[in-house]
Amino acid sequence: MATKKIIETPRSLSLIIAIIVSLITGLGFLFITSISQSQQLLTLFAFTLFVFTVTYLCSLILVNLFVSKRIKPLYKALYSVDKASADLVDELDQNNLLQRLEYDLRVWAESKTDEIDRLKQMERYRKEFLGNVSHELKTPIFNIQGYVLTLLDGGLEDPSINRRYLERTEKSINRLIGIVEDLELITKLEAGELQLNMERFNIISLIDETFEALEQRAKQKNINLKFDKEYSKAIWVYADKKRISQVLYNLTINSIFYGKENGTTTVSVTDIGTRVQVEVNDNGIGIDQKDLPRIFERFYRVDKSRSREQGGTGLGLAIVKHIIEGHKQVIGVRSNLNQGTTFSFTLDKPGK
Ligand SMILES: Nc1ncnc2c1ncn2[C@@H]1O[C@H](COP(=O)(O)OP(=O)(O)OP(=O)(O)O)[C@@H](O)[C@H]1O
Ligand SMILES: [Mg+2]
């Protein structure tokens, strides 16, 4: 152990070799020429110093050559993918090769540990994602199977149920399509593959279109969809219209799903300087403070049975968040249980 500690660098190894060689030759010199005068003592000292220097330099060069010859392939393997670093190896300072290698190996090991952690995390995500996907797909598939079996077992000839069961089958198929489309979109968004088609458009008109598209659904619960005030002038924003339409749709349909009968959904648009802020507010069931931080996670639902009853998968808000963040904008939520919820997000104004 102690020797290992002393011989840590090519320099210390060369120093030891030089000391041993100069001692041996010095003693040999003494033995051959029996010294008596001080003149000869000086010669002995000069001779030993000379041997020491030459041996030290020669062994330093030889040890460095030996070490670097073995280390360079290692280095090149370490940086095999990085051509620039591999070229750098040729220019490495021979004297510091060992320390440099030790340092670089540590950095390399740390980066590999981080990479392994990241891969493990991705693997966990993948498993969880697959588990959730198959779970979500099962419900509509089993429903369809049930309707078809009933129809095949004589229901087809029974006019009281055949149409009803076919309509239910169609509803489940639409649900399946919806889930698959959402999954496709979230996969693209998470992989950062979605291209935004940025354009200038009037956000007030887009909100109006969303209200129209959801009018029937709102009516079923007697929910009033309205603006906070009258917007007589257009408010222009710069964003991907199709995606923002999806954001408005998801937030508004949530306000209906999780709104109370005879409730109200109010949308407001506020100028906040270089941006506009859109708020979708409802006076529905609200979200508990403990659930709020997780609300944007994919597949997260506060009340699973209630959400599923509404045909919810728990992907809507995850998609919304990705779209808004993809625009480099922010989205937030505030809510009080049994009182209501407000989602707000920002958008750039054109010509920024
Ligand atoms: N306006 C709201 N009021 C109360 N709870 C809400 C509201 N919006 C969302 N939530 C809660 O957040 C959960 C996640 O919403 P999200 O839109 O992501 O999924 P979902 O509505 O269940 O399904 P889908 O994928 O069809 O949108 C919901 O299940 C619901 O519990
Ligand atoms: Mg939803």
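Residues numbered from 1 in each chain as written. Chains lettered and ligands numbered in written order. Predicted model: local features only at pLDDT ≥ 70, side-chain atom pairs only at ≥ 80, totals over all residues. Heavy atoms only, no water.

Our next topic: the overall build of the protein chain. Along its length, the protein chain carries 11 helices and seven strands. Within the protein chain, the fraction of its 352 residues that count as buried is 35%. A fraction of 73% describes how many contacts in the protein chain between residues 6 or more apart in sequence connect residues 24 or more apart. For the protein chain, the computed accessible surface area is about 22100 Å², with 58% contributed by carbon and sulfur atoms. (Helix = DSSP H or I, 4+ residues; strand = E, 2+ residues; numbered from the N terminus. Buried < 20%, exposed > 50% of the residue type's maximum accessible area, 1.4 Å probe, protein only. Contact = heavy atoms within 4.5 Å. Areas by Shrake-Rupley, 256 points an atom, 1.4 Å probe, with all protein chains shown as cover.)

With that settled, consider the environment of leucine 41. Position of leucine 41 relative to the elements: it lies in helix α3 (residues 38-78). C-alpha of leucine 41 to C-alpha of leucine 30: the two residues are 11 residues apart in sequence and 9.2 Å apart in space.

On to the pattern of salt bridges, then. This structure, assessed with the given rule, holds 12 salt bridges. As a salt-bridge pair, glutamate 167 and arginine 163 come within 3.1 Å of each other at their nearest N and O atoms. Remark: arginine 163 and glutamate 167 occur in helix α6 (residues 162-190); sequence separation between them is four residues, near one turn of the helix. (Salt bridge = Lys/Arg side-chain N within 4 Å of Asp/Glu carboxyl O.)

Attention shifts here to the side chain of arginine 243. Here arginine 243 is to be found in helix α9 (residues 241-257). It turns out arginine 243 is buried and unbridged, and the closest side chain with the opposite charge, aspartate 240, is 4.6 Å from it. Those residues within four positions of arginine 243 in sequence are excluded, and the remaining contacts are Leu185, Leu194, Leu196, Ile323 and His327. (Lys, Arg positive; Asp, Glu negative; His and termini not counted.)

What follows deals with a positive patch on the surface. On the surface, a cluster of positive charge is made up of Arg164, Arg168, Lys171 and Arg217. For the positive patch, the element with the highest residue contribution is α6, accounting for three residues. Relative to the assigned elements, arginine 217 resides in helix α8 (residues 215-220). Relative accessible area serves as the criterion here: at 38%, arginine 217 is assigned to the partly exposed category. (Patch = residues over 30% accessible without salt bridge, like charges linked within 9 Å, V, L, I, M, F, W, Y side chains within 5 Å. Charge placed at Lys NZ, Arg CZ, Asp CG, Glu CD.)

Its boundaries defined by the atoms lining it, the second largest pocket holds a volume of some 590 Å³. If you go around the second largest pocket, you meet 24 residues; those closest to its centre are Tyr125, Glu128, Phe129, Glu190 and Arg298. Elements with a contribution of two residues or more to the lining of the second largest pocket: α5 (97-152), α6, α10 (304-309) and α11 (316-326). With seven residues, the top contributor of residues to the lining of the second largest pocket is α5. (1 Å grid on protein atoms, 1.4 Å probe; cavity = no way out; pocket = protein on both sides within 12 Å on 5 of 7 lines; lining within 4 Å. Points joined across faces, edges and corners; volume = space filled by probe spheres on them.)

It is worth spelling out the packing of aromatic side chains at this point. Within the structure shown, the criterion is met by eight aromatic pairs. Arranged with centres 6.1 Å apart and planes meeting at 80°, the rings of phenylalanine 257 and tyrosine 258 form a pair that is edge-to-face. According to the relative accessible area criterion, phenylalanine 257 is buried, its value standing at 15%. You can call tyrosine 258 partly exposed: its relative accessible area is 24%. (Phe/Tyr/Trp six-rings, centres within 6.5 Å; stacked < 30°, edge-to-face > 60°.)

Moving on, we come to α6. With 29 residues, α6 extends 42 Å from end C-alpha to end C-alpha; this agrees with the ideal 42 Å at 1.5 Å per step. For α6, the full list of buried residues reads Tyr165, Thr169, Ser172, Leu176, Ile179, Leu183, Leu185, Ile186 and Leu189. Downstream of α6 by a residue or two, glycine 192 has a phi angle that is positive, lying close to 65°. (Expected span 1.5 Å × (residues − 1).)

On to a nonpolar patch on the surface, then. Taken together, Leu15, Ile19 and Leu23 make up a surface patch of nonpolar side chains, about 270 Å² in accessible area. Inspection of the secondary structure puts leucine 15 in helix α2 (residues 10-32). Exposure remark for leucine 15: the relative accessible area of 38% places this residue in the partly exposed category.

Attention shifts here to helix α7 (residues 203-213). Taken residue by residue, α7 has Ile203, Ile204, Leu206, Ile207, Thr210 and Phe211 as its buried positions. For α7, the angular spread of buried residues about the axis comes to 160°, placing them on one side. Opposite the buried face of α7, by more than 90 degrees, sit the exposed residues Glu212 and Ala213. Two or three places before isoleucine 204, at the opening of α7, asparagine 202 has a side-chain oxygen 3.0 Å from that residue's backbone nitrogen. (Arc of directions from axis to C-beta. Polar contact = N/O pair within 3.5 Å; in protein donor to acceptor, adjacent residues only side chain to side chain.)

One can describe the packing of α7 onto α9 by two numbers: an axis separation of 10 Å at closest approach and a directional angle of 50°. Considering the angle they form, α7 stands oblique to α9. In the crossing of α7 with α9, the sense of the turn from one axis to the other is right-handed. Here Ile203, Leu206, Ile207, Thr210 and Phe211 of α7 come into contact with α9, specifically with Lys241, Ile244, Ser245, Leu248, Tyr249 and Thr252. (Axes fitted to C-alpha atoms, helices over the stretch in contact; angles between N-to-C directions. Parallel < 35°, antiparallel > 145°, perpendicular 65-115°, else oblique. Left-handed = near helix turned anticlockwise from the far one by under 90°.)

Attention shifts here to unusual backbone geometry. Peptide bonds are, in most cases, trans, and in most cases residues other than glycine have a negative phi. Of note, the phi angle at phenylalanine 299 is positive, near 70°, even though the residue is not glycine. Of note, phenylalanine 299 is situated in the loop between β5 (275-282) and α10. In this structure, asparagine 338 takes a positive phi of about 70° despite not being glycine. Along the chain, the position of asparagine 338 falls in the loop between β6 (331-336) and β7 (340-348). What makes asparagine 338 exposed here is its relative accessible area of 52%.

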